[in-house]
Amino acid sequence: QVQLVESGGGLVQAGGSLRLSCAASGNIFSIQTMSWYRQAPGGQRELVALINSTGSIKYADSVTGRFTMSRDSAKNTVYLQMNGLKPGDTAIYYCYALLAYKSGSNWYQWWGQGTQVTVSS
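Residues numbered from 1 in each chain as written. Predicted model: local features only at pLDDT ≥ 70, side-chain atom pairs only at ≥ 80, totals over all residues. Heavy atoms only, no water.

Draft legend 1. Just the environment of Leu20, in detail. Relative to the helices and strands, Leu20 is located in strand β3 (residues 18–26). Spatially, the C-alpha atoms of Leu20 and Met69 are 9.3 Å apart, while their sequence positions differ by 49 residues. For Leu20, the residues in contact, after removing those within four places along its chain, are Ser7, Gly8, Gly9, Trp36, Val78, Tyr79, Leu80, Met82, Tyr93, Thr115 and Val117. (Helix = DSSP H or I, 4+ residues; strand = E, 2+ residues; numbered from the N terminus. Contact = heavy atoms within 4.5 Å.)

Rendered as structure tokens:
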């Protein structure tokens, strides 16, 4: 089994900052991609940022220049530093991982439980 545990959400005023963490644990051989998604009330889940196995990072246009994703590979942990937060960033933020349990196995998707980020105006 695999667990993705997010932390770091909360309530912040517009212009403020938060740092999210996502730690993957369990039966993990290799991680291909880890990502942050978010889902606002009444909206669809959207990609915020992703990092692949080579360390390449991509961001949604809406967060480029404000959010920074990083990782600690030794801990199977990724972070999302969110600066200049706007009310429009209010959402549940989910961690996602595409990983393998053993060499040569298929890749499997896992989701975290989500952490609420609320930005007040």
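Still to come is the rest of the account.
Draft legend 2. Region of the structure containing the nonpolar core. In this structure, Met34, Trp36, Leu80, Met82 and Tyr93 are the most contacted members of the largest nonpolar core, which totals 29 residues. Counting residues per element, this core draws most heavily on strand β9 (residues 91–100), at five residues. (Core = buried A, V, L, I, M, F, W, Y, C linked by side-chain atoms within 4.5 Å. Buried < 20%, exposed > 50% of the residue type's maximum accessible area, 1.4 Å probe, protein only.)

Draft legend 3. Quick peek at the sheet that holds strand β1 (residues 2–7). Ordered by their spatial adjacency, four strands build an open sheet running β1-β3-β8-β7, and the pairing between neighbours is antiparallel. The open sheet has two edge strands with one neighbour each: β1 and β7 (67–72). On average, each strand axis in the sheet is inclined to that of its neighbour by 15°, with strand direction left out of account. Note: β1 against β3, six bridges, orientation antiparallel. Bridged to Val2 within β3 is Gly26. (Pairing = 2+ DSSP bridges. Axes fitted to C-alpha atoms, helices over the stretch in contact; angles between N-to-C directions.)

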